[in-house]
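# Observations on the model geometry
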Amino acid sequence: MDESELNQAKLERVKARLFQAAEYIGERVVAWENYLAILDSKRLLQIYSRKWSSLNRAIELGFALAQGVEKFNEQKSRVLAYIQTNNPMLGAKIANFSPSPEESKALFIELLAALNNDKAFAYSYIKTHAMELIALVDKATGLFERDKLRNLIIEISGIEIDELNICIGDLERWHDFRIGNNIMFFWNRVIIYLRGGKLEKQTFRGLVRYFKDKSFINPINESYALRSLLTYQRQVGFFTKWMPIIKASILRDEWQGFKEKNEQGNAFYPNILDGENFVKLFRGRFGNKDFADRMEALYADETPEAWDKLLNFLYMRLTHPSYQNAYVIAPASQDLIAIFKKRKGELELIDINAKMRELHDILQEFHDSVIRQSKNLKSFGLIVSTEFEILQEETEQEKKEIGRLLAGHGGLVLTFVEEQNQLILSGEIAMDGRVNSVLRSKMRQLEILKKQRGIRPAGDGPKAAISFVAAILGVEEKIDDIQSSVESEKLSALNALRETLVRLRESLGKLPEIIQHIKAVDLQLDSVKSNYFPIKKNGEYLSIFNSEYLQVNSEER
């Protein structure tokens, strides 16, 4: 056997290995498709997934029942058909369940279930739905510790911190607002920060009115600048009332209206340090220490002319924009920013876990009182608890069956995926090596012949020259034939292999879906256990609608 025949034989062996691999893969594809057919015929995952979905809808009915019979009947009409279709046994029980009229007010029951077993979800839920929860608290009747519950939702959600950030951001823009706006523009903004309202496109809830945070009152009262801003109109009113009276008293006997009372019973001077005590009014209520000091310093002068001059000076000062900017608006914004930032820092230091525990205890106490009084919830709790036990047992059996099928078929297929990858790689390496070896040998022969071109061949006739050229061309043609033949065979074998691999991968693609489906069912099962059946007693899980759950939960607390 010459070298070319030897190379061809080796190439055939490589091809044979590849075709054997394709045949083996084909057998595994059949086995895997058989497994999928078995799984689909049993409809294992689909069956128990729908049953669990039905139980979840039944549990949602329990939440509705806790809030009232009317809400239960309304919800039942929407989901009963689904439950009857996907879990006939449970559907029949719920169809026959007719709650009797009674007072039920178990608000926040879903939040309570999460607080019992999934605090991370509960925290996220409170942050996302804080406004709805507060609205529910405000509308509800019969709640324990309503204000405490409201404050806990605010503190846990952090929405007051968000509100403070909005207010601080607006305050930091006050210097941009000064041009073209009078002092009442800024007075109005402070009022809206505290009481709520809308400024331009920004809505403010109201730190005092909505959040009921009274911690701002004392710091604001202690700020001279904020008191001066918030009482600005009253200060202006003081001067517009007394300036005409003092001016008129100058021309009247006994300075009536200044030292003595006029016809309207007004007398200015006796009320500077006594009576209404104008000095104390400006220093305390109005927060205008400068004006109070000036009035107190002039007290020794008992002439209306001197006081007329002082009040005119103070009034002009009070109403001048430069005074308002420098002594009222700017310091008021600085003080309010400091107050808001201090409160924000206090809220950020709150122990959220401790607040979550407080919230849980308040809701649990209220929820327990409702369930203890409700025969409906006790009966419904028995239905969902019983169904839970049935489904739990069915699920475990079905998962074992799936596991057995996976072990019998899926494992071999997965193992072969790695084997066939190695087979392809080694086959390609062997073919490439063989082809390259043949080509190198023939190229060496060609190079030798090419070197002979410069040497005159034996004989001078045309026949000798033609033989020489034909020899060169023959070698090149032989090389082209070898390369073409090898590549063609290699391509053919790999194409056949690729077709089977495509079929295999299409089938294998279903495996991750099945595994993910099993994991999803496990998560669903764990979620139901932890949220709706959080306590196990005597080997059985107790529903949160079960009266025994209340007793066990109370003992644990």
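Structural notes, computed from the coordinates. (Residues numbered from 1 in each chain as written. Predicted model: local features only at pLDDT ≥ 70, side-chain atom pairs only at ≥ 80, totals over all residues. Heavy atoms only, no water.)

Let us now look at the packing of aromatic side chains. Inspection of the entire model under this criterion finds 30 aromatic pairs. Ring geometry for Tyr193 and Phe204: centres 5.5 Å apart, planes at 55°, overall tilted. Of the two residues, Tyr193 is situated in helix H11 (residues 183-195) and Phe204 in strand E2 (residues 202-204); the sequence distance between them amounts to 11 residues. Summarising the burial analysis for this pair, Tyr193 and Phe204 share the class buried. Residues Phe239 and Phe291 carry aromatic rings whose centres are separated by 6.0 Å and whose planes lie at 80° to one another, so their mutual orientation is edge-to-face. You can see Phe239 sitting in helix H14 (residues 232-249) and its partner Phe291 sitting in helix H16 (residues 289-297), a full 52 residues away along the chain. (Phe/Tyr/Trp six-rings, centres within 6.5 Å; stacked < 30°, edge-to-face > 60°. Helix = DSSP H or I, 4+ residues; strand = E, 2+ residues; numbered from the N terminus. Buried < 20%, exposed > 50% of the residue type's maximum accessible area, 1.4 Å probe, protein only.)

Let us look at the layout of surface pockets. Approximately 330 Å³ is the volume found for the largest pocket. Residue lining of the largest pocket: 15 residues in total, with Ile191, Leu194, Ile220, Asn221 and Leu230 positioned closest to the centre. Residue assignment for the lining of the largest pocket shows that the elements contributing at least two residues are H11, helix H12 (217-222) and helix H13 (224-230). Per-element tally for the lining of the largest pocket: the top contributor is H11, with 4 residues. (1 Å grid on protein atoms, 1.4 Å probe; cavity = no way out; pocket = protein on both sides within 12 Å on 5 of 7 lines; lining within 4 Å. Points joined across faces, edges and corners; volume = space filled by probe spheres on them.)

With that settled, the discussion passes to the nonpolar core. Across soluble globular proteins, you tend to see nonpolar side chains buried next to one another. One finds Phe268, Met295, Trp307, Phe340 and Leu359 to be the most contacted residues of the largest nonpolar core, which totals 78 residues. The dominant element in this core, judged by the number of residues it contributes, is helix H18 (residues 321-348), at 9 residues. Apart from the residues within four sequence positions on either side, Phe268 is in contact with Phe238, Trp242, Ile246, Gly257, Phe258, Phe278, Met295, Trp307 and Leu311. Leu61, Phe63, Phe72 and Ile94 belong to the second largest nonpolar core, which has 22 residues in total. (Core = buried A, V, L, I, M, F, W, Y, C linked by side-chain atoms within 4.5 Å. Contact = heavy atoms within 4.5 Å.)

Here Asn277 shows up in the loop between H14 and helix H15 (278-285). The class for Asn277 is buried, based on a relative accessible area of 19%. Among the polar contacts listed, one links the side chain of Asn277 to the backbone nitrogen of Lys280, at a separation of 3.0 Å. (Polar contact = N/O pair within 3.5 Å; in protein donor to acceptor, adjacent residues only side chain to side chain.)

The next subject is H11. Taking 1.5 Å of rise per residue, 13 residues should cover 18 Å, and H11 covers 19 Å from first to last C-alpha, within 8% of that figure. Listed in full, the buried residues belonging to H11 are Ile183, Phe186, Arg189, Val190, Ile191, Ile192, Tyr193 and Leu194. Where H11 starts, the residue carrying a side-chain oxygen 3.1 Å from the main-chain nitrogen of Met184 turns out to be Asn182. Of the residues flanking the end of H11, it is Gly196, one or two places downstream, whose phi is positive at about 95°. (Expected span 1.5 Å × (residues − 1).)

Right, let's talk about the packing of H14 against helix H17 (residues 304-318) for a bit. Interaxial distance between H14 and H17 falls to 9 Å at its minimum, and their mutual angle equals 150°. Between H14 and H17, the angle falls in the class roughly antiparallel. When you trace H14 past H17, the crossing you get is left-handed. Contacts between H14 and H17 involve Tyr232, Gln235, Val236, Phe239, Thr240, Trp242, Met243, Ile246, Lys247 and Ser249 from the first element and Pro304, Trp307, Asp308, Leu311, Asn312, Leu314, Tyr315 and Leu318 from the second. Class assignment of the residues belonging to the contact of H14 with H17 gives a composition of 12 nonpolar, 4 polar and 2 charged. (Axes fitted to C-alpha atoms, helices over the stretch in contact; angles between N-to-C directions. Parallel < 35°, antiparallel > 145°, perpendicular 65-115°, else oblique. Left-handed = near helix turned anticlockwise from the far one by under 90°. Nonpolar A, V, L, I, M, F, W, Y, C, P; charged D, E, K, R; others polar.)

Just distances and angles here, no functional claims.
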